[in-house]
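# Examining the three-dimensional arrangement
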Amino acid sequence: MSEKTRDYIFKIWIGISTLVVFAVVLYILGYIFKNGFKSISMEFIFGYPKGIPIGSEGGIFPAIVGSLLLMAIACLFASILAISTAVYTVFYCKSKRIEGFIHLIVQCMAGIPSIVLGLFGYTLLVLYLGLGRSLLSAGITLGIMIFPYIEVRVEKTFGEVDKFVIDSSEALGVSTGYMIFKLILPLCKTDIISAVLLAGGFAMGASAPIILTGAVIFAPIPKSLSSPVMALPFHLYILTGEGISLEKAYGTALVLIIILLLINIIALVLNIKGKEYR
Amino acid sequence: MDIIKIKDLSVSYGDKKVLKNLSMNIEKNKITAIIGPSGCGKSTLLSTLNLTIEENGGSFEGEILFKDKDIRSYKKDDIRRMIGMVFQKPTPFPFSIYKNLTYAPIYYGIKDKKELNSIVENTLQKAGLFEEVKNDLNMKATKLSGGQQQRLCIARALTVGPEVLLLDEPCSALDAKNTEKIEEMLLKFSKDYTIVIVTHNLDQAKRIADNTISILDGELVEYK
C-alpha cells in the first residue's frame, strides 16, 4: 500500500470516528430533549414530588437544590485539598521521588471505581465518624472522587506559568508563599475556577458515591449539613428503576443535562479567558 | 572601589561545570558588560551573583565577596534586595502597572499609601516611563509595548532599592529604538547603581560599558 492510500484511509477513518461520536452525542441530547421537553414546566422545576407512587407527579425542586448543594460541598472540599497538593508539588517539593509518589497516588485515586468510594465514604464518614447519611458525608465522598481531576489540572496550570515570571519574583527576594498568594493564584484564578467547575459537573452527575452516603429517596431540601439529601441522578435512577414515571425521568434527565451543559460552557469560557495571560 | 569581588569561582549544574575558576572584580557605580557567545555561562554568572542558581539546581565553589563580606553570609532575601535582576524577556506581572511596582515593597512591609505612591513615581521616572504612563497607572501592564514592558521590569527591580542591577540581555527582544532608550537610561543609572549587563552585542558593550569581561566556554578570556 502506498503512503498516499494509507494517508487517505487514515483520514477517512478519523472522519468516520468523529462523525460517529458527534452523531451519538447529538442523538442522545436530541432524544432526551424531545421526550423530556413536555414535562418541563414551572411546577416541575419548582415543585415537590407528589402522586402515588410518589414522584409520578409534581416536581424535582429538592433534587435540583440537593444536587447543587452536593456539588458545592464537593468542590469546596476537593479544591482546598487539590490546590494545596498542587502548590506543594510544583513550588515546594524538591525531591523528584516524592513528586513521583504524589503523582502515583493521585492517578490511583482517579482510578478508584465510584461505588468503591461510596463504600469507603459509608464506612469512614457515615459509620466510623458518625456523620450519618447526610449532605456532608455525600459531599465529602464526591469531593474525594473529583480531587484527582482538579489536582492534575491545577498542577498543569501552575506548570504553564512563565518561568521568567517566577524568576522575576524570586529575584525581588519575596518568599514563595507571598508569590503564590499574590502572583500565582491570581494569575491562575480563572483556570482554577474552570477546573473546579468541570469537576463539579462530574460530581453532580455521579450517583454511585452518594447512594450509600447521603441520598435518601425523595428527601426534602436539606435543612442542615447533617440532613439527608436528594439528587438529580439518584432521582432519575429511582424514577426509572422503580418504574414510577418514564416521562418524569426524561424531564429530570433534561434538567440535569442542561445544568451540566451550563456549567461546562462557563468553564470553557473561563478557560479561554485564562489563556489570554499566557 | 570594587563592590563585588569574585575569586576562583566555579559553577556547576550536577556534573556539568559551566564556569571554571573565574576571578574578577566589579567596580562600584560603573557599568560592567559581560560578553561571549550564547551558552558560554554568562547568564549562569548573573544567577550566581544573586543566589538564584541554587533554586535552579546549580551549585558554586569559590568566593564571592559582596561589599567585602562572603555572599553566603547574607540572608537570601537581603542579597536579592541589594542585587536586583532583569531578564531577557519582559515579564510584567499580569496586574496593573501600579501593582507591579508595589508587589515587592508591600512584601517588605511598606503599607503607607504615600510612600508606595512615591516609590512608584520615582522608579517609573528613573526608568523613563513615568511621562508615558502617568495617567494610566491602573492599566494592565501586559498592555504596554515590549519596550515599555522591559522598562517597567527595570523599574520593578528598582522598587526594592538595590545597589547592584544585573541585566541579562535586556534588549534582546527589543528593536533599535527601544534598545537606545534603555542604553541611555543605563548610562544615567551609573551614578546611583552598579550595573552588570550580559550581552552578546559587542557594539552595545562598547557604547555603554566602563569595563568589559569576555567569557568563552566558562572561562575568562579577556578583562579590561
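Residues numbered from 1 in each chain as written. Chains lettered and ligands numbered in written order. Predicted model: local features only at pLDDT ≥ 70, side-chain atom pairs only at ≥ 80, totals over all residues.

### Description of the overall build of chain B
Definition in use: Counting from the N terminus, the helices are the DSSP runs of H or I reaching at least four residues and the strands are the DSSP runs of E reaching at least two. To sort residues by exposure, count the other C-beta atoms lying within 10 Å of each residue's C-beta; 20 or more gives buried, 12 or fewer gives exposed, and values between give partly exposed, all with C-beta atoms placed from the backbone. Residue pairs are scored as contacts if the distance between their C-beta atoms, which are placed from the backbone, is within 7 Å.
The number of helices and strands found in chain B is eight helices and 10 strands. Seen through its principal axes, chain B has C-alpha atoms that stretch 50 × 40 × 35 Å. A buried classification covers 43% of the 224 residues belonging to chain B. Sequence-distant contacts, at least 24 apart, represent 73% of the contacts inside chain B between residues at least 6 apart.

### Concerning the overall build of chain A
Across its full length, chain A carries 11 helices and two strands. Walking chain A from its N terminus toward its C terminus, one meets helices and strands in the order α-α-β-β-α-α-α-α-α-α-α-α-α. Over its C-alpha atoms, taken along the principal directions, chain A stretches across nearly 70 × 65 × 35 Å. Expressed as a percentage of its 278 residues, the buried residues of chain A come to 42%. In chain A, the share of contacts with a sequence separation of at least 24, taken over all contacts with a separation of at least 6, comes to 75%.

### Description of unusual backbone geometry
Where the residue is not glycine, phi is negative for most of them; where a peptide bond is considered, it is trans in most cases. All names here are of chain B. For Lys-67, which is not a glycine, the phi torsion comes out positive at approximately 50°. Its place among the elements puts Lys-67 in the loop between β4 (58-66) and β5 (69-70). Residue Lys-67 is classed as partly exposed on the basis of its C-beta count, with 15 C-beta atoms lying within 10 Å. Positive phi outside glycine occurs at Asp-68, with the angle close to 65°. With respect to the helices, strands and loops of the structure, Asp-68 is situated in the loop between β4 and β5. For Asp-68, a count of 10 C-beta atoms within 10 Å corresponds to the exposed category.

### Structural notes on the nonpolar core
Residue and element names in this part refer to chain A. Keep this limit in mind: Here a nonpolar core is just a set of buried residues of the types Ala, Val, Leu, Ile, Met, Phe, Trp, Tyr and Cys, joined wherever their C-beta atoms sit within 7 Å.
Of all hydrophobic cores here, the largest spans 137 residues; its most connected members are Leu-70, Ile-146, Ile-150, Ala-199 and Ala-203. In terms of residue count, the dominant contributor to this core is helix α8 (residues 176-205) (14 residues). In this structure Ile-150 touches Ala-78, Ser-79, Ala-82, Ala-195, Val-196 and Ala-199, once residues within four positions along its chain are discounted.

### Focus: the interface of chain A and chain B
Note the following rule: As a working rule, the residues Ala, Val, Leu, Ile, Met, Phe, Trp, Tyr, Cys and Pro are called nonpolar, Asp, Glu, Lys and Arg charged, and the rest polar, with Gly in that last group.
The partner chain B presents 19 residues to the 15 residues of chain A that form the contact. At the level of elements, α7 (163-171) and α8 of chain A are the ones that each hand at least two residues to the side of chain A that touches chain B. It is α7(A) that contributes the most residues to the side of chain A that touches chain B, six residues altogether. A per-class count over the side of chain A that touches chain B returns nine nonpolar, two polar and four charged.

### Examining the domain arrangement of chain A
Residue and element names in this part refer to chain A. What counts is decided by this rule: Domain borders in the structure are assigned automatically or taken from a domain database.
Split into domains, chain A comes out as domain 1 (3-39) and domain 2 (44-275). Each of domain 1 and domain 2 has a C-alpha centre, and these two points are 29 Å apart. Counting from both sides, the interface comprises seven residues of domain 1 and, opposite them, eight residues of domain 2. Of the residues belonging to the side of domain 1 that touches domain 2, the class tally is four nonpolar, three polar and no charged.

### Digging into the confidence of the model for chain B
Regions with low pLDDT carry predicted coordinates that are not meant to be interpreted in detail. Residue and element names in this part refer to chain B. Rules: For every residue, the pLDDT score states the predictor's confidence, bounded by 0 at the bottom and 100 at the top.
Residues of chain B with pLDDT of at least 70 account for 99%, and the chain-wide mean is 87. Ranking the helices and strands of chain B by mean pLDDT puts helix α3 (residues 97-107) first, with 92, and strand β10 (residues 219-223) last, with 75. Per the prediction output, this complex has pTM 0.84; the corresponding ipTM is 0.85.

### Regarding the sheet that holds β5(B)
All names here are of chain B. The test is simple: A pair of strands is considered paired only if DSSP assigns at least 2 bridges between the two.
The four strands lie next to each other as β2-β1-β4-β5, forming an open sheet whose pairing is antiparallel. Edge positions in the sheet fall to β2 (16-27) and β5, since each of these pairs with one other strand and no more. Bridge count between β4 and β5: two bridges; the pairing is antiparallel. Across the sheet, the residue bridging to Leu-65 is Asp-70, located in β5.

### Thoughts on the packing of helix α6 (residues 135-160) of chain A against α8(A)
Residues and elements named next belong to chain A. Where we set the bar: In this analysis an axis means a line fitted to C-alpha atoms, helices contributing only their contacting stretch, and an angle means the value between N-to-C directions, from 0 to 180 degrees. Should the near helix be turned counterclockwise from the far one by less than a right angle, the crossing is left-handed, whereas a clockwise turn marks it as right-handed.
For the pair α6 and α8, the least separation of the axes is 9 Å and the interaxial angle reads 150°. Viewed along their axes, α6 and α8 form a crossing whose handedness is right-handed. From α6, Leu-142, Met-145, Ile-146, Tyr-149, Ile-150, Arg-153, Val-154, Thr-157 and Phe-158 reach across to α8, where they touch Ile-184, Cys-188, Asp-191, Ile-192, Ala-195, Val-196, Ala-199, Phe-202 and Ala-203.

### Here we look at the packing of helix α5 (residues 114-128) of chain A against α6(A)
Each packed pair of helices is defined by two parameters, the angle between the axes and the distance between the axes. Residues and elements named next belong to chain A. Put simply, the test is: Relative orientations are named as follows: roughly parallel for angles under 35 degrees, roughly antiparallel for angles over 145 degrees, roughly perpendicular for angles from 65 to 115 degrees, and oblique for any other angle.
The geometry of α5 relative to α6 is characterised by a closest axis approach of 9 Å and an angle of 135° between their N-to-C directions. Taken together, the axes of α5 and α6 are oblique relative to one another. Considering the relative orientation of α5 and α6, their crossing is right-handed. Where α5 approaches α6, its residues Ser-114, Leu-117, Gly-118, Gly-121, Leu-125 and Val-126 are matched on the opposing element by Ser-137, Ile-140, Thr-141, Ile-144 and Met-145. Considering only residue class, the contact of α5 with α6 consists of six nonpolar, five polar and no charged.

### Quick notes on the environment of Asn178(B)
Here Asn178(B) shows up in helix α7 (residues 176-189). Taking the C-alpha atoms as reference, Asn178(B) lies 9.2 Å from Arg151(B); in sequence the two are 27 residues apart.

### Here's the deal with helix α4 (residues 113-126) of chain B
Residues and elements named next belong to chain B. Counted only if it meets this: What a helix is expected to span follows from its residue count: subtract one and scale by 1.5 Å. Of all possible arcs, the one meant is that of the directions from the helix axis to the C-beta atoms.
The terminal C-alpha atoms of α4, which comprises 14 residues, lie 20 Å apart, in line with the 20 Å expected from a rise of 1.5 Å per residue. Listing the buried residues of α4 in full gives Ile-119, Val-120, Thr-123 and Leu-124. Axial view of α4: buried residues confined to an arc of 115°, hence all on one face. Exposed side of α4, more than 90 degrees from the buried face: Lys-114, Glu-115 and Ser-118 are the residues found there.

### Some details on the environment of Leu104(A)
All names here are of chain A. Its location among the elements puts Leu-104 in helix α4 (residues 96-110). Classification of Leu-104 by C-beta neighbours within 10 Å gives exposed; the count is 10. Once the C-alpha coordinates of Leu-104 and Gly-201 are considered, the two residues, 97 residues apart in sequence, prove to be 24 Å apart.

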